[in-house]
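This is what each chain is made of:
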Amino acid sequence: MTKPNTDVIQGTLDMLILKTLSLTPMHGFGIARRVEQVSEGVFRVNPGSLLTALQRLERAGAIDSEWRETANSRRAKYYTLTRAGCRKLEAETDDWTRRATAIARLLTET
């Protein structure tokens, strides 16, 4: 039996990052860990993909960042959601819901 795929579905990483940051500012490792925890291990975020997505979202103005000290007294870049990021999250969530609903209809078609 093959191992189930735990990669984040292509095209959803930005949405998952934005949703995670809508709750509280976090550093990259915290974002990845939160996605894994909330998905109950179904999704795991590749660190390289996460870094690329965070840079892309920051360039687009969807998130801001600043260096802070973590609870472990280490420096980490913390990311926060911007107003533009809130709008992007809403649009991506609406689009995802529309697509997931359509797929569910197709899968339950008899």
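Predicted, not measured: the structure shown is a model, and the values here were computed from it.

> Just checking my understanding: could you explain the nonpolar core for this structure?
Most often, soluble globular proteins keep nonpolar side chains buried together rather than apart. In this structure, Ile17, Leu21, Ile31 and Ile63 are the most contacted members of the largest nonpolar core, which totals 20 residues. Those elements that provide at least two residues to this core are helix 1 (13-23), helix 2 (28-38), helix 3 (47-59) and strand 3 (75-81). Broken down by element, this core gets its largest block of residues, five residues, from helix 1. Every residue in contact with Leu21, bar those within four places of it in the chain, is listed here: Met26, Ile31, Ile63, Tyr79 and Leu81.

> Would you explain the pairing of strand 3 in this entry?
For a regular strand, side-chain orientation follows a simple rule: the groups alternate between the two sheet faces. With two bridges connecting them, strand 1 (residues 26-27) and strand 3 associate as antiparallel partners. Within the sheet, the bridge partner assigned to Met26 lies in strand 3 and is Tyr79.

> What should I look at first to understand helix 4 (residues 83-108) in this one?
Under the 1.5 Å per step criterion, the end-to-end length of helix 4 is 37 Å for 26 residues, consistent within 8% with the ideal 38 Å. Every buried residue of helix 4 is listed here: Gly85, Leu89 and Glu92. The secondary structure elements touched by the buried residues of helix 4 are helix 1 and strand 3.

> Can you walk me through unusual backbone geometry in this structure?
With the exception of glycine, the majority of residues adopt a negative phi angle, and the majority of peptide bonds are in the trans configuration. The phi dihedral of Glu40 falls on the positive side, at around 55°, and the residue is not glycine. Looking at the secondary structure, you find Glu40 in the loop between helix 2 and helix 3. The residue Ser73 is not glycine, and still its phi comes out positive at about 60°. Turning to its location among the elements, Ser73 is positioned in the loop between strand 2 (63-69) and strand 3.

> Help me out: how do you make sense of the sheet that holds strand 3 in this one?
Working definition: the strands of a sheet are paired by backbone hydrogen bonds and lie parallel or antiparallel to each other. With antiparallel pairing, three strands are arranged side by side in an open sheet as 1-3-2. Each of the sheet's edge strands pairs with one partner strand only, and the pair in question is strand 1 and strand 2. Taken together, the seven bridges between strand 2 and strand 3 define a ladder with antiparallel strand orientation. Across the sheet, residue Arg68 finds its bridge partner in strand 3, namely Ala76. Here helix 3 sits on the sheet and contacts strand 2 and strand 3; the angle it forms with strand 2, its principal contact strand, is near 120°.

> Teacher, can you tell me more about the environment of Val38 here?
Here Val38 is to be found in helix 2. Taking the relative accessible area as the measure of exposure, Val38 reaches 56% and is therefore exposed. Considered as a pair, Val38 and Thr20 are 18 residues apart in the sequence and their alpha carbons are 9.7 Å apart.

> Where do I start with helix 1 in this structure?
Side chains three or four residues apart in an α-helix point the same way, a direct result of the helix having 3.6 residues per turn. Buried within helix 1 are the following residues: Leu13, Asp14, Met15, Ile17, Leu18, Thr20 and Leu21. Considering only its buried residues, helix 1 is in contact with strand 1, helix 2, helix 3, strand 2, strand 3 and helix 4.

Definitions and cut-offs
- Residues numbered from 1 in each chain as written.
- Predicted model: local features only at pLDDT ≥ 70, side-chain atom pairs only at ≥ 80, totals over all residues.
- Heavy atoms only, no water.
- Core = buried A, V, L, I, M, F, W, Y, C linked by side-chain atoms within 4.5 Å.
- Buried < 20%, exposed > 50% of the residue type's maximum accessible area, 1.4 Å probe, protein only.
- Helix = DSSP H or I, 4+ residues; strand = E, 2+ residues; numbered from the N terminus.
- Contact = heavy atoms within 4.5 Å.
- Pairing = 2+ DSSP bridges.
- Expected span 1.5 Å × (residues − 1).
- Axes fitted to C-alpha atoms, helices over the stretch in contact; angles between N-to-C directions.

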